[in-house]
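Chain residues, written in single-letter form:
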Amino acid sequence: MIDLRPVGFIIGVLLSVLASAMMLPALADAAARHQDWPVFIAAGSVTLFAGVSLVFTCRGRRVAINLRQAFLLTILGWLSCVAFAALPFAFASAELSYADAFFEAMSGLTTTGATVIMGLDHAPPGLLLWRGLLQWMGGLGIIAMAIIILPMLRIGGMQLFRLESTEKLEKALPRAAQIAGGIGTIYLSMSAACAVLYWLVGMTGFDAVIHAMTTVATGGFSTADASLAAFKNPWAEVIAIIFMMLGGVSFTLFLRVLQGDRRALWIDRQVQIYFALAIVASLIVAAWLWLESGEHPLIALRYGAFNVVSVMTTTGYSSSDYGQFGALPMVLFAVLMLVGGCSGSTTGGIKVFRFQILFEVSRAHIRHALLPSGVFVPKYNRRHITDQVTHSVVSFMFLYGLTIVAIAAGLGFYGLDIVTAFSGAASAVSNLGPGLGHVIGPAGNFASLPDGAKWMLSFGMLLGRLELVTVLVLLSSGFWRS
């Protein structure tokens, strides 16, 4: 049997932190004299009781987890936090059903950015702050998971980024905890800098803080239904572009730069391709808007760069309805949605490094076909790509595509049109947020979808955020055998 005590102990700590965070929106509502403040107090109390109960029930001499416990911790930790984070949404004045509340909480903690709440411009401050906090905490959790847990579980080629040479997870945790502390400091500093800059260019302090949290987390929740377009502020969009791009870079590289390795960012092949893709795609969309729509070149560049970066980093902000840009930009956005950002970042999607690995492996295969007697070893960042990494990446890509098709088919069962079904499925698994079309596009939201579709999309968000295999491995009978 699997010893669940270490898993329960850590989940209890996570729920206690979540309960403490609920006090902030309670204070915001109380200061604004809004009726929702007791809801956050009550939800926080219930969450704290559950968390403390787990901590005291499951405490032991030491907390050390093995491979199977790590799989369970990753999945049960996210599900538990989402289930309790949904309570304020369910009982606040927004009057959401629990399906809607769970969808909103899942979208927040996975930094997807899809929403079922309408009328954000007039929503109470506590609700808006809670949405921003969920994405900010979720972004930090995503970075920690991508740096500490996933490489040890050898998910989707992530073993390339392991912190230790050992396979023993419990031996890697002390050093990983130190690294997570350093990355948390960088994350907090980046969020503070973003908030100050938003405030300096004209946002209110409240809007600046919430948008800073959701920008650095590449989550995309806003305080207005029209997203950043509501502010009509080009400088705010420039700031968003900068920090969305930074949020899409591996935070371990930022840590290496602070430790003295100033070339760490610029010599990393994944970062080079990431920035190159963003620049080239922005120029293509800008040129299209200039030539096809007659936009002024600078306006076209502004719209192109902002929406390309928003889609590629899976943030989901919108400065305009990019669904009206035309055929070429729409195809490009669909591709960028799947590509995503770098490993170890807050972004979703397949991640740039997996495409690089497939490219290098394919190139080696083609060269070997031309010269059968030659020896061609594919490399990534000057390191040999092992067969284990190759198989892991190929399996991940296959499951990624299969998952999107399966969810899209399920959404079609609920009567959604093909554009809404496929873009909704891809958006959920890629943790982007808005889909395509008039229903769930950047000018719409997910409120009108049936509850069954929302549960399905919530599961898709979880699958995408946990890199698919982490969840699917629990369906194997071998996992439960000793």
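Here we summarise the structure given alongside this text. (Residues numbered from 1 in each chain as written. Predicted model: local features only at pLDDT ≥ 70, side-chain atom pairs only at ≥ 80, totals over all residues. Heavy atoms only, no water.)

Let's talk about the overall build of the chain
To keep things clear, this is the line we draw: Runs of H or I in DSSP of at least four residues are treated as helices and runs of E of at least two as strands, each being numbered from the N terminus. Radius of gyration: C-alpha atoms only; globule rule: 2.2 Å multiplied by the number of residues to the exponent 0.38. Contacts were defined at the residue level, with two residues in contact if any of their heavy atoms lie within 4.5 Å.
Within the chain one finds 21 helices and two strands. For 482 residues, the compact-globule estimate of 2.2 N^0.38 gives 23 Å, and the C-alpha radius of gyration of the chain, at 22 Å, lies within 12% of that figure. Judged by the C-alpha coordinates and their principal axes, the chain covers about 75 × 70 × 50 Å. Long-range pairs, those at least 24 residues apart, make up 71% of the contacts in the chain with a sequence separation of at least 6.

Brief notes about the state of the cysteines
What counts, and what does not: Disulfide assignment relies on a single distance test, namely cysteine sulfur atoms paired within 2.5 Å. Note on classification: 1.4 Å probe, protein chains only; a residue is buried when its accessible area is under 20% of the maximum for its type, exposed when over 50%, partly exposed between these limits.
Counted under the stated rule, the structure contains zero disulfides. Here Cys58 stays unpaired: no disulfide links it, and the sulfur of Cys81, its closest cysteine neighbor, is 15 Å away. On the accessibility criterion, Cys58 (13% relative accessible area) is buried. Under the relative-accessibility criterion, Cys81 is labelled buried at 12%.

A few points about the nonpolar core
Stated precisely, the cut-off is as follows: Nonpolar cores are built from buried Ala, Val, Leu, Ile, Met, Phe, Trp, Tyr and Cys residues. Side-chain atoms within 4.5 Å join them into one set.
If you look at the biggest cluster of nonpolar residues, it comprises 146 residues, and the most contacted ones within it are Phe89, Trp130 and Tyr198. Looking at which element gives the most residues to this core, the answer is helix α6 (residues 125-153), with 16 residues. Contact partners of Tyr198, with chain neighbours within four places excluded, come to Met203, Ala208, His211, Ala212, Thr215, Leu228, Ala236, Ile239 and Ala240.

Let's talk about the packing of helix α5 (residues 98-109) against α6
We count it as follows: Orientation is described by axes fitted as lines to C-alpha atoms, over the contacting stretch for helices, and by angles from 0 to 180 degrees between their N-to-C directions. An angle below 35 degrees is treated as roughly parallel, one above 145 as roughly antiparallel, one from 65 to 115 as roughly perpendicular, and anything else as oblique. The classification used treats Ala, Val, Leu, Ile, Met, Phe, Trp, Tyr, Cys and Pro as nonpolar, Asp, Glu, Lys and Arg as charged, and all other residues, Gly among them, as polar.
The contact between α5 and α6 brings their axes to 7 Å, and the two run at 45°. Between α5 and α6, the angle is such that the two are oblique. Counted together, Glu104, Ala105, Ser107, Gly108 and Leu109 of α5 and Arg131, Leu134, Gln135, Gly138 and Ile142 of α6 form the full contact between these two elements. Classifying every residue of the contact of α5 with α6 by side-chain character gives four nonpolar, four polar and two charged.

A look at helix α13 (residues 297-312)
Cut-off, in case you're wondering: The span expected for a helix works out to 1.5 Å for each residue beyond the first.
Over its 16 residues, α13 runs 22 Å from end to end, which matches the ideal 22 Å to within 8%, given 1.5 Å per residue. Within the span of α13, buried status applies to Ala300, Gly304, Ala305, Phe306, Asn307, Val308, Val309, Ser310, Val311 and Met312. On its buried face, α13 sits against α9 (234-247), α12 (269-293) and α14 (327-339). The positive-phi residue at the C-terminal boundary of α13 is Thr314, with phi of around 55°.

No statement about biological role is implied by the geometric values presented.
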